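Listed below are the residues making up each chain.
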Amino acid sequence: DVVVVGSANADLVVGVERRPAAGETVLGSDLAVHPGGKGGNQAVAAARLGSTVALVGRVGDDAHGRFLLDAQRAAGVDTRAVRVGGAPTGVALIVVGPRGDNSIVVSPGANALLSAQDVRASRDLLSAARVVSLQLEIPLETVAEAVAVVAPGTRVMLNASPSAPLPAPVLAACDPLVLNEHEALEMLGGATEDTPEAWCTALLERGPRSVVVTLGARGAVAADPSGVVRVPGIPVVAVDTTGAGDAFTGALASRLARGDTLAQAVGFAVRVGAAAVTRAGAQDSFPTAEQVPAAEGS
Ligand code: ADP
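Keep in mind it's a predicted model, so treat the numbers as computed, not measured. (Residues numbered from 1 in each chain as written. Predicted model: local features only at pLDDT ≥ 70, side-chain atom pairs only at ≥ 80, totals over all residues.)

**Things to note about the sheet that holds strand E8 (residues 131–135)**
Quick reminder of the rule: The rule for pairing is simple: two strands pair if DSSP sees at least two bridges between them. Numbering of helices and strands runs from the N terminus, with a helix taken as a DSSP run of H or I at least four residues long and a strand as a DSSP run of E at least two residues long. Angular values range over 0 to 180 degrees, each being the angle between N-to-C directions of two axes fitted as lines to C-alpha atoms, with helices fitted over their stretch in contact.
One open sheet holds the nine strands; their spatial order is E5-E4-E1-E8-E9-E10-E11-E12-E13, and the pairing between them is mixed. Whereas interior strands pair on both sides, the edge strands pair on one side only; in this sheet they are strand E5 (82–84) and strand E13 (227–231). Put simply, the sheet's adjacent strands are angled 15 degrees from each other on average, direction ignored. Pairing geometry for strand E12 (residues 220–224) and E13, over five bridges, is antiparallel. When the bridges of E13 are listed, Ala 222 appears paired with Val 229.

Right under this line is the structure:
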């Protein structure tokens, strides 16, 4: 149903009392290693909700790569289109301060080698998908190639994170373009006084077929040519918001592949995002369909 073309990283996390200044050494907590990367996270999120999911990506021929492939397979993701080798597996070096404040260095490694040719080699897989889901932790030309090879009946979604200027043909394929609040304001060129509904309308004028902006605890807003829909957030005790956006986007892909309308899919994805913040970790926190809080009135 869903094919994710994107990144896979090993997240290497150490807690510190204080971040080291240049030339300084500090002692930290035991190392924790978690599977991450937006592509890998979104594939796991959709698979855990019951979708048939394949990942097109690249990892190194190393222990981190095997660890990431194992995590994908354990969630039920088809990893046959994940290429191995050429560079070390992508890693995120994450230092967490006492108040949960992060400093992160990402080494893209093998993700940077995922090429347009790799995408063409997976053309049959992409053509058979109902939804192809993309993010921007792989080269933009690889994203552009994925957009170019999908069949006319396949829906393309792009989580434009981290922010980057998008070529017109990529933007025109997005159905939806998915952004968080920060990325939406960046694409709109800075702070605006307007409401999230107005951001969506302005973003729609840039060329995507539809737009979704996530608003953290406040939920999300979606727009397509038929109108704008606001979905309020679900009140929960947030334990760890890491990967909330990936849980949301994976859920959106899962539901759009099932044939939900955009408004229905966003309503579900907001509940999945809320469930994900109630547990620690990224992939570890993603809910199964049974663990998603029920919609109001159901
Ligand atoms: P990102 O992680 O990309 O910054 P957001 O913070 O907008 O994305 O979160 C994505 C989704 O996760 C939101 O639309 C919402 O459904 C859910 N979410 C995030 N934070 C909270 C929170 N504190 N309480 C409830 N839901 C949340």
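That shown, we press on.
**Overview of the UniProt feature "binding site: K(+)" (unreviewed entry) in the protein**
Where we set the bar: UniProt positions are given in the numbering used here, feature names are shortened, and annotations may be inferred rather than shown by experiment. Counts of 20 or more other C-beta atoms within 10 Å of a residue's own C-beta define buried residues, counts of 12 or fewer define exposed ones, and intermediate counts define partly exposed ones; C-beta atoms are placed from the backbone. By the convention adopted here, residues are in contact when the distance between their C-beta atoms, placed from the backbone, does not exceed 7 Å.
Feature annotation in UniProt assigns "binding site: K(+)" (unreviewed entry) to the following positions: Asp 240, Thr 242, Ala 276, Arg 279, Gly 281 and Ser 285. Considering the C-alpha atoms alone, the annotated residues occupy 46 residues of sequence yet fold into one spot, their largest mutual distance being 9.5 Å. Examined against the element boundaries, Asp 240 turns out to sit in the loop between E13 and helix H9 (244–257). Asp 240 gets classed as partly exposed once you count the C-beta atoms within 10 Å, which come to 16. Setting aside residues no more than four positions away along its own chain, Asp 240 makes contact with Val 277, Ala 280, Gly 281 and Ser 285. Within the secondary structure, Ala 276 sits in helix H10 (residues 262–277). Those residues within four positions of Ala 276 in sequence are excluded, and the remaining contacts are Gly 243, Ala 244, Ala 247, Ser 285, Phe 286 and Pro 287.

**Side note on the site of the ligand**
Formally: Using the backbone to place each C-beta atom, any residue with that atom within 6 Å of a molecule or strand is considered near it. For this classification, the nonpolar set comprises Ala, Val, Leu, Ile, Met, Phe, Trp, Tyr, Cys and Pro, the charged set comprises Asp, Glu, Lys and Arg, and every other residue, Gly included, is treated as polar.
In the neighbourhood of the ligand, 19 residues make up the surrounding shell, with Thr 214, Ala 217, Ala 244, Gly 245 and Gly 273 lying closest. For the shell around the ligand, the elements supplying multiple residues, two or more each, are H9 and H10. Counting residues per element, the shell around the ligand draws most heavily on H10, at four residues. Partitioned by chemical class, the residues of the shell around the ligand number 11 nonpolar, eight polar and no charged.

**A look at the environment of Gly 39**
Locating Gly 39 in the fold gives a position in helix H1 (residues 38–48). Overall, the presence of 30 C-beta atoms within 10 Å leaves Gly 39 in the buried class. Note: C-alpha distance between Gly 39 and Ala 168 (129 residues apart in sequence) is 22 Å. Excluding anything up to four places from it in sequence, Gly 39 contacts Val 4, Val 5, Gly 6, Ser 7, Ala 8, Leu 55, Gly 57, Gln 135 and Glu 137.

**What to know about the packing of H9 against H10**
Heads up, the rule is: By convention, the crossing between two helices is left-handed when the near helix turns anticlockwise from the far helix through less than a right angle, and right-handed when the turn is clockwise.
Taken N-terminus to C-terminus, the directions of H9 and H10 make an angle of 145 degrees; their axes are 8 Å apart at the nearest point. By crossing handedness, the relation of H9 to H10 is classed as right-handed. Residue-level inspection shows Ala 244, Ala 247, Phe 248, Ala 251, Leu 252, Arg 255 and Leu 256 of H9 in contact with H10, the latter providing Gln 264, Ala 265, Val 266, Phe 268, Ala 269, Val 272, Gly 273, Ala 276 and Val 277. Across the contact of H9 with H10, the residue classes tally to 13 nonpolar, two polar and one charged.

**Structural notes on the UniProt feature "active site" (unreviewed entry) in the protein**
Cross-referencing UniProt, the feature "active site" (unreviewed entry) maps to Asp 246 in the present numbering. With respect to the helices, strands and loops of the structure, Asp 246 is situated in helix H9. For Asp 246, a count of 30 C-beta atoms within 10 Å translates into the label buried. Not counting chain neighbours up to four residues away, the residues in contact with Asp 246 comprise Lys 38, Asn 41, Gln 42, Ala 45 and Ala 282.

**Concerning unusual backbone geometry**
Going from Ser 161 to Pro 162, the amide bond is cis rather than trans, its omega being -5 degrees. Relative to the elements of secondary structure, Pro 162 occurs in the loop between strand E9 (155–159) and helix H6 (168–173). Of note, the amide linkage connecting Asp 175 to Pro 176 takes the cis form, showing an omega dihedral of 15 degrees. Take Pro 176: it is sitting in strand E10 (residues 174–180).

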